[in-house]
Amino acid sequence: MNALVAMSLLLQTAAGLPSPPFTLPGVKQPLAAFEDIREEIRDRRYNVSFDTMLPGIAMLGGNPPADELPSWAWLHKVLNKTAIIAHSYLDSEQSRLILAAIPGITEHVLHRRAEDAVEKLHSVVDKARGVLTASGAFELAWEITVAERTLQRHLEKNDGERHQSGRPSHGIAASPGGDRSLVKGTVAKLLDAVFTAFVAPANARPTAYEGYSKLFDPLLGQYPEPQSNREAGVDEAFARYRLAGWVPFQLRKADAQLLQDMRLGEYRGNSSGLVGRAEKAMAEGRLYGTDYSYIASLPRQAGKFAPRPVGLFEIPVDEEEGARVGVQALCVQVTKGVASSIFAPADGEWAWKYAKIAFNAMESVFHEGVGHLAHTHLVVEAILLSLKRSLSRGHPLRKLVDPHLEGTVFINWLAEQTLLRNGGPVDIQFPTEIGATRAFIADNVLERLQQNLTWPAFMAAAGLTEEQFPVKYYPYRDYAGKLWKAYHRWVSRYLRVVYPTDEVLNADRHLESFRRQLIANKVRWVEDTWVQGKGTVDLLVDVVASCIFIGSAQHAAVNFAQEQTMSPAGFVPRALYSPPQNEAEFLRFERDVLNALPPIRQSSLQRDVMLILSTQYTNMVDGYAKPRFEHPEMTRAAHDFQQDLVAIERYQNEKNEQIVGRWRSVDKPEGLDPDHWAYTLLLPSQIPMSINI
């Protein structure tokens, strides 16, 4: 029967006829996906542009369509966090009470008539305007006024339409499609105002290193103190971030060429035996490094500096120690090729702290621009646009993937409007010129789209599979690997119901349109492997599973690490503010490090951006509750996927208890908290289904 269906579809396609509906085995009604489709471009609202702020990559041209805008629940959470952050900048008790009312406004929106929300907003604005203006935040007061007027205008318009149609008026909550359009501009303006309005004097700095930790004091009780605030002096934690931090996949096996480029043999510091230890580890295949020196080649802004760091790490010989730490930090070179800039733990507290800060700074630039934005947000958008421009909503592929794309177009648009604009947070924090930064991001998107996007291929290319990188403690790899298998199994079972053979797949002309859109949007991996008429179900499974995995699990790993590990600018800045120091004798005192760290203005901004972006959990992946699909096998596969996620969560909790127990059973370095070694970023209950923040 499948062969006959495939032959019929092939003949009609060859004759230029539209594909007819067809019936899946065990389904009485044909799938709506295969209706008569006379246009290749299914949804013209998703116009592709290669000329945005990130030139050369496929992004949405224009504003997000109305059905891509976030829900009021999402807006409520963002405003709530924004209000909490705004509190920290204002001294008077009155101002705290005023701004605390912002969440109440959205509570009205969510649960009552919208007119009540407008009345509440009027009241808050009237009281807040003077306080905000007096605090130097006139911009925010003005933006609230704009939001107020926009909300009122939309209410009048929609209430009028409801009155004319005879429908009852229930406010915004009753019409999420139309009224949500005001969210787009309001959220962008509000976030932009908070990111730029409440700032300290341009060059003010803490007078002591602990002052960077105190920047979080006003938020305690609302947010926990970041782990890295308390672990800045713990070398085990510094090494752990390479395996369970913000980009836990950047270690590479070190070779003799790297040591030669570093001029490691010329090291003359206080760590006796460092050179021999590194060479022995390299000979035994236990030496790994990370090189971020290339970032400094980008044009930089005046007054900010990009070091050229290289870090060396080794797998411990002792298996019990290896099961606790995974890798150990040997040294960091601040300026690649300058032997005097190689610092190890024995080279003094402040010299070693400075070296770790320099390394973290460039890794954070890589994280924000590449590991996070380029390799998750923008890779998924290229696939998203291809899908929505080629397949109808009723197509079974859309029904599988759409829940994993919710909010992505909007949040990427919002990043352009706020984070990436000239004078925005990225421009303020990064050492590189904003134009060069955007080009750097775009280049990395294109490079990633040329590669096999599956997670196993990604890890193999990095040399970090279990066979290539035999560490005992690597929670990211351990947990992500199990999640990938569950995602891939679910997608495979679903798609093999739709496409039982490669012949059926190649007969779907709408899927051929999807293939062409992927190629047009520069997904070169597909161009090299998916030839017209010769597609395979295996390849489609890989493409779809990769899109879903990157948009949920991989994004969760890199996004939600930010709050607890990347928000403190005293240990993970985005730039240095004095020329990189290459001599230990000039790094003997606290003030030598303070001079290199960001002013309070940039440090507070970094804190705020991280807290807003990495504490927003919406629409979790373990929420495939009572799935409804056309075929019983699809429903069974969805149920089994949920059971896999339950088992994976239980497995992760057990493993986390084991590693915490190992640390509690030994003498610990001062400042090390065993509970921090539980890696929770990939618990299924903590993974959103899509990139929506």
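Calculation rules
- Residues numbered from 1 in each chain as written.
- Predicted model: local features only at pLDDT ≥ 70, side-chain atom pairs only at ≥ 80, totals over all residues.
- Heavy atoms only, no water.
- pLDDT = per-residue confidence, 0-100.
- Contact = heavy atoms within 4.5 Å.
- Core = buried A, V, L, I, M, F, W, Y, C linked by side-chain atoms within 4.5 Å.
- Buried < 20%, exposed > 50% of the residue type's maximum accessible area, 1.4 Å probe, protein only.
- Helix = DSSP H or I, 4+ residues; strand = E, 2+ residues; numbered from the N terminus.
- Polar contact = N/O pair within 3.5 Å; in protein donor to acceptor, adjacent residues only side chain to side chain.
- Pairing = 2+ DSSP bridges.
- Phe/Tyr/Trp six-rings, centres within 6.5 Å; stacked < 30°, edge-to-face > 60°.
- Lys NZ or Arg CZ within 6 Å of the ring centre and 35° of its normal.

### A few points about the confidence of the model for the protein chain
Mean pLDDT over the protein chain stands at 79; residues scoring 70 or higher make up 73%. Long-range and interchain partners of residues 124-183, a stretch whose pLDDT sits below 50, account for 95 contacts in this model, where long-range means more than four residues apart.

### Some remarks on the nonpolar core
Ranked by internal contacts, the top residues of the largest apolar core, which has 167 residues, are Leu397, Phe469, Tyr476, Phe514, Leu540 and Leu682. If one sorts the elements of this core by residue count, helix α15 (residues 349-388) sits on top with 23 residues. In this structure, phenylalanine 514 is in contact with Ile383, Ser386, Leu387, Ser390, Leu391, Leu397, Trp530 and Leu540, ignoring residues within four places of it in sequence. By size, the runner-up hydrophobic cluster in this structure holds 17 residues, among which are Leu264, Tyr267, Leu274 and Ile342.

### Side note on the side chain of glutamine 606
Topologically, glutamine 606 is positioned in helix α28 (residues 600-613). Of the polar contacts made by the side chain of glutamine 606, one reaches the backbone oxygen of valine 572; its length is 2.7 Å. Residues within four places of glutamine 606 in sequence aside, it is in contact with Gln429, Met566, Ser567, Pro568, Ala569, Val572, Pro573 and Arg574.

### A short note on the pairing of strand β6 (residues 328-333)
Burial analysis of β6 places six of its six residues in the buried class, the great majority of the element. Pairing geometry for strand β5 (residues 310-314) and β6, over five bridges, is antiparallel. Within β6, the residue paired with glutamate 314 across the bridge is glutamine 328. Bridging between β6 and strand β7 (residues 342-343) involves two bridges; their strand directions are antiparallel. Bridged to glutamine 333 within β7 is isoleucine 342.

### Thoughts on the packing of aromatic side chains
One pass over the full model with this rule turns up 27 aromatic pairs. Taking the centre distance of 5.7 Å and the plane angle of 55 degrees together, the rings of phenylalanine 249 and tyrosine 476 count as tilted. Pair noted here: phenylalanine 249 is in the loop between α11 (235-244) and β3 (252-253) and tyrosine 476 is in helix α21 (residues 475-498), with a separation of 227 residues, a long-range link. Here phenylalanine 249 and tyrosine 476 have matching classes, each one buried. Ring plane angle 75 degrees and centroid distance 6.5 Å describe the contact between phenylalanine 514 and tryptophan 530, whose orientation is recorded as edge-to-face. Highlighted residues: phenylalanine 514 in helix α23 (residues 509-520) and tryptophan 530 in the loop between α24 (524-529) and α25 (537-559), separated in sequence by 16 residues. In this arrangement the basic side chain of arginine 242 is found over the ring face of phenylalanine 238, its NZ or CZ atom lying 4.8 Å from the centre. Against the face of tyrosine 651 rests lysine 482, its NZ or CZ located 4.6 Å from the ring centre.

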